[in-house]
Amino acid sequence: MEAQASVSGALQGGLVGEGQYKVYSYKIDIQSSRAPEFVDVTDWVQDIVEETGIQYGSVLVYTKHTTTAVVINELEPLLLEDVGHILEHFAPREGGYQHNDFEIRTVNMNDDEPPNGHAHCQQIIMGSSETIPIMANRLQFGMYQRIFFIELDRPRPRQLIVQVMGVQGEN
């Protein structure tokens, strides 16, 4: 099973000063299916950029969760498998984490709190956002670069924020 997603958005910002600088914010709802899971969101982000009409500026892609990450890298299955192995080596799912000891932990507890210390530790080395330049209404990437949303914890609904900022103009 692959992650499923839907995109929604609206103008959240607007004209700043006297220029044509605008800010648009969108939300991508993602239903992850496993961990780790690498979801290529590049095409969705490019579609959003095209919809806004921003010709020159940047796009911020940000995850709202402390157990997911956003990175830019190559869409090559063996590489993604290697990254999964490195994450497991760095912070193994079955490792000993104080965060998972619900007898001593008292902060940020929920009724359905999972033992996910590994996912928090993995996220710290990956990060929660990427910023990509826009030129002529196109994301500016190297040959193999793609944007990945990465689930590190467990299958569940997630949200990715895409904020497009810049100058509109003729396509």
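Everything that follows concerns the structure shown earlier in this document.
Overview of the structure. (Residues numbered from 1 in each chain as written. Predicted model: local features only at pLDDT ≥ 70, side-chain atom pairs only at ≥ 80, totals over all residues. Heavy atoms only, no water.)

1. Notes on helix α3 (residues 117–126)
Owing to its 3.6 residues per turn, the α-helix brings residues three or four apart onto one side. Within the sequence span of α3, burial applies to Gly-117, His-118, Ala-119, Gln-122, Gln-123 and Met-126. On the buried face of α3, the contacting elements are β5 (68–74), α2 (77–90) and β8 (145–151). Count one or two residues on from α3 and you reach Gly-127, which has phi positive near 100°. (Buried < 20%, exposed > 50% of the residue type's maximum accessible area, 1.4 Å probe, protein only. Helix = DSSP H or I, 4+ residues; strand = E, 2+ residues; numbered from the N terminus. Contact = heavy atoms within 4.5 Å.)

2. Notes on helix α1 (residues 42–52)
For α1, every residue scored as buried is listed here: Thr-42, Val-45, Gln-46, Ile-48, Val-49 and Thr-52. Seen end-on, α1 carries its buried residues on one side only, within an arc spanning 155°. Phi for Gly-53, located one or two positions after α1, is positive at around 80°. (Arc of directions from axis to C-beta.)

3. A short note on the packing of aromatic side chains
With the rule as written, the count across this model stands at one aromatic pair. Centre to centre, the rings of Phe-38 and Phe-148 are 6.3 Å apart; their planes meet at 85°, and the pair counts as edge-to-face. One end of the pair, Phe-38, is in strand β3 (residues 37–40); the other, Phe-148, is in strand β8, and 110 residues separate them in sequence. Take Phe-38: its relative accessible area is 19%, and that puts it in the buried class. (Phe/Tyr/Trp six-rings, centres within 6.5 Å; stacked < 30°, edge-to-face > 60°.)

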